[in-house]
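Given next are the chains, with one letter for each unit.
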Amino acid sequence: AAVRSPDQLELTEAELKQEIIRTLSADNPHVPRDIVRFNFKERAYKLVDDMDHTAVHFTLNGYLIHKDSDEGRRQSIRSCAEAGSFIWFIYDSYVEELERMEKAKEKEKAKPVAVKKEDQKTGRKLSHIDSLSMVARAAKIAERMVNLNTYDDIAQDFKYFEDASDEYRGQKGTLLPLWKFQYEKTKKLAVTALSWNPKYKDLFAVGYGSYDFMKQGHGMLLLYTLKNPSFPEYSFSSESGVMCLDFHSDHPHVLAVGFYDGHVAIYNLKRASPQPSYKSSKSGKHTEPVWQVKWQKDDMDGNRNFFSVSSDGRIVSWTLVKNELVHMDVIKLSADETTMQGPEGLQLQTLGSGISFDFHKKIDYLFLVGTEEGKIYKCSKSYSSQFLDVFEAHHMAVDTVSWNPFHLKVFISCSSDWTVKIWDHTIKTPLFVYDLATAVGDVAWSPYSSTVFAAVTIDGQAHVFDLNVNKLEPLCSQLVVTRKKNKTTHVQFNPADPVIIVGDERGLITCLKLSPNLRKKPKEKKGQEVKKGPEEEIAKLEKLLSLVRQPGKKEEE
Amino acid sequence: MEEAEEEKKDEADYKRLHSFPLIRHSDMPEEMRVETMELCVTACEKHATNNESAAKMIKETMDKRFGSSWHVVIGEGFGFEITHEVKNLLYMFFGGSLAVCVWKCS
């Protein structure tokens, strides 16, 4: 039996099990429901129905006022401060300050930094910059990863794909299109210059400008890396179109650039500035577009210098002396037969216009200049008025001249007269002539073989030749740009990987991989070791040339 | 005797080295801070023996320049806990052992 207290109600079982319903409401149970008031209008007592059910449990009055309210604006904002002024405290503060000033002075010797007494302010600023640069670094890594994921199949092709069908193609090869590099700001500009960075093999520089004489606008210089096909790593804008550029071989962050308005400039990639580090002054600049610039070895005083060639017929050497670009005319391209009679009986000498030049790899003073008239001059840096030799090379402008990277005597030239010619600089007639059916924009030797070169024509095709395999026909002629009315303007081989980049008139750069047939090394004879290295390349080319020079002797061998 | 002389020299050195105006704490805007600091230095140099008149000079000038109700304390040994209007406090050391506290509170 349940324990019961003495005053507990006694109920039967049935009564205990009875369910009693209780509803809970939000009404205040303590509110009186029977209040009556005398209503004077009806002259009777009426029951007051609408009682307020709010029960206040707790109130607290605050003292905060909004700073923009009337009362707030009347009062001013206050804060508390406390400190002490004890002799030891003052002394310690001074000692600390002196130490800080000394440290700052030491730093000043290294860098010019203004010592500020408001350490708090500078402290705050520094941390702000650091956090921003850390975010930038993380963002860069994230961007590259996203790019790698997006273009994963292209990256795999670039690294590992070797076209197996090349075996069945006989001697022919193909160019596999990889990435396409495009930037919205350069869509209306033509690619005027391409160059791979000598140190970072995935970085290349592109110059943008316009070949159209009538439509000249601004120019751009962009640096792309193969690791990020969607956005350039560095970009610089200029007022005049960029016509040519060259990386310094020892200082891969230094770029020399030539512009359409005749200026030259040096850009330093390590500096964050969008302006060039050095620019030519109005007095020394060329009067016509600068078509090519090339860095030279540091001169006797250790100053960096580069050469530039322009349509105004001058080849100028620019030296960086004490933070200034100093120019010196090296050669004037005077064409001998063209001295004209000017007004008042003066003898005017017209100058040929230089379009391209190239310096010999080993013989320091020797270089070639290609002109608009189709002649190629062999010049020496020591003679400023005379040429060593003249080649009647082409019927139209010589767009590119280039020494063979291995063989010391051979160079190649291409022109708008549809031909590509290969020469020995000791012989006046070309060794090989190729007619490519349309104007040739650019030609480049491959860095891995002395007999392979590529040419691009204005119909958008790229042609790759290997003299060792086929002396008469290209191994590959492939359409690189698909849009109509688009000309391919430049081509460059990557120094390390088997890829080439091709630039066109719409600011697009296409990266293509060379199929194995285009990269053939000479076949090893059984039992003999394959010698690799530049000597082999030279010997290979020499064999070919000897066949061309003296075809009669071939039978004797 | 030599030690005493050395001590005197040290004192003189320390007075020389540590006599430049050193702002210990301030939340004033740059211009105001520089002006106020220069005013304090001028006042303290002018009334080198009398802290009260130096403080009077500073307070009156600050009232005229920046608005009413400035407070100034000058001395060599005091601690303080004050309520000040935001961006209107300057606490600086000067002359090796003098401390000046200037604040506004209406």
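Residues numbered from 1 in each chain as written. Chains lettered and ligands numbered in written order. Predicted model: local features only at pLDDT ≥ 70, side-chain atom pairs only at ≥ 80, totals over all residues. Heavy atoms only, no water.

Per an unreviewed UniProt entry, the recorded name for chain B is Dynein light chain, and the organism is Prunella himalayana. Turning to chain B, the UniProt record has this under Subcellular location (unreviewed entry): "Cytoplasm, Cytoskeleton, Cilium axoneme". Listed under Sequence similarities (unreviewed entry) in UniProt, the entry text for chain B is "Belongs to the dynein light chain family." (UniProt positions renumbered as here; feature names shortened; annotations may be inferred.)

As recorded in an unreviewed UniProt entry, chain A goes by the name Dynein axonemal intermediate chain 1, listed as coming from Geospiza parvula. For the record of chain A, the UniProt heading Sequence similarities (unreviewed entry) holds the text "Belongs to the dynein intermediate chain family."

Asks: Describe the overall build of chain B, naming the residues involved and giving the relevant values.
Replies: Helices and strands together make up the secondary structure of chain B, namely 3 helices and 5 strands. Seen in sequence order, chain B has helices and strands lined up from the N terminus as α-β-α-α-β-β-β-β. Classification of the 106 residues of chain B by burial places 44% in the buried group. Considering only contacts in chain B between residues 6 or more positions apart, those separated by 24 or more positions represent 58%. (Helix = DSSP H or I, 4+ residues; strand = E, 2+ residues; numbered from the N terminus. Buried < 20%, exposed > 50% of the residue type's maximum accessible area, 1.4 Å probe, protein only. Contact = heavy atoms within 4.5 Å.)

Asks: Report on the environment of L89 of chain B, specifying residues and quantitative values.
Replies: With respect to the helices and strands, the residue L89 of chain B is situated in strand β4 (residues 89–94). On the basis of relative accessibility, which here comes to 1%, the residue L89 of chain B falls in the buried class. Among all residues touching L89 of chain B, those that are not within four sequence positions of it are A81 of chain A together with H25, S26, D27, M28, I82, H84, C101, V102 and W103 of chain B.

Asks: Explain the sheet that holds strand β16 (residues 324–332) of chain A to me, using residue names and the numbers behind them.
Replies: Residue and element names in this part refer to chain A. Strands sit in the order β13-β14-β15-β16 across an open sheet of 4 strands; the sheet is antiparallel. Bordering the open sheet on either side are β13 (290–295) and β16, each of which pairs with just one other strand. Each neighbouring strand pair of the sheet contributes to a mean axis angle of 25°, computed without reference to strand direction. Of the pairings in the sheet, the one linking strand β14 (residues 305–310) to strand β15 (residues 314–321) comprises 5 bridges and is antiparallel in character. Within the sheet, the bridge partner assigned to N305 lies in β15 and is T319. (Pairing = 2+ DSSP bridges. Axes fitted to C-alpha atoms, helices over the stretch in contact; angles between N-to-C directions.)

Asks: Please provide a residue-by-residue account of the packing of aromatic side chains, values included.
Replies: Across all of its chains, the model carries 35 aromatic pairs over all chains by this definition. Linked through ring pairs, F86, W88, F89 and Y94 of chain A together with F20, F78, F80, Y91 and F93 of chain B together constitute an aromatic cluster. Note that K428 of chain A overlies the ring of F391 of chain A, its terminal NZ or CZ placed 6.0 Å from the centroid. (Phe/Tyr/Trp six-rings, centres within 6.5 Å; stacked < 30°, edge-to-face > 60°. Lys NZ or Arg CZ within 6 Å of the ring centre and 35° of its normal.)

Asks: Explain the pairing of strand β2 (residues 44–47) of chain A to me, and be specific about the residues and the numbers.
Replies: Residues and elements named next belong to chain A. Note that strand β1 (residues 36–39) and β2 share 4 bridges and pair antiparallel. Bridge assignment links N39 to a residue of β2, and that residue is A44. Between β1 and β2, which pair antiparallel and follow one another directly, the connecting turn spans 4 residues, one of which, R43, has a positive phi of 55°.

Asks: Kindly report on the interface of chain B and chain A, identifying the contributing residues and their values.
Replies: Opposite the 33 residues of chain B that make contact, chain A presents 23 residues. Together chain B and chain A conceal approximately 2,500 Å² of surface at their shared face, both sides included; 60% is due to carbon and sulfur atoms. Applying the counting rule to chain B against chain A returns 0 salt bridges. At the boundary of chain B with chain A, the tally comes to 8 residue pairs in polar contact (both at pLDDT 80 or more). Where the side of chain B that touches chain A is concerned, the elements lending two or more residues are α1 (2–17), β1 (22–26), α2 (30–46), β3 (78–85), β4 and β5 (98–104) of chain B. Counting residues per element, the side of chain B that touches chain A draws most heavily on β3 of chain B, which supplies 8 residues. Across the side of chain B that touches chain A, the residue classes tally to 16 nonpolar, 11 polar and 6 charged. (Buried area = accessible area lost by both parts, 1.4 Å probe. Salt bridge = Lys/Arg side-chain N within 4 Å of Asp/Glu carboxyl O. Polar contact = N/O pair within 3.5 Å; in protein donor to acceptor, adjacent residues only side chain to side chain. Nonpolar A, V, L, I, M, F, W, Y, C, P; charged D, E, K, R; others polar.)

Asks: Summarise the nonpolar core; cite the residues concerned and give the values.
Replies: Of all hydrophobic cores here, the largest spans 22 residues; its most connected members are W179, F204, Y208, Y224 and I509 of chain A. Among the elements of the structure, α5 (152–160), β4 (175–181), β5 (190–196), β6 (203–209), β7 (219–225), β32 (499–504) and β33 (509–514) of chain A are those that each provide at least two residues to this core. Core analysis: the second largest hydrophobic core is formed by 21 residues, M28, M62, I74 and L90 of chain B among them. (Core = buried A, V, L, I, M, F, W, Y, C linked by side-chain atoms within 4.5 Å.)

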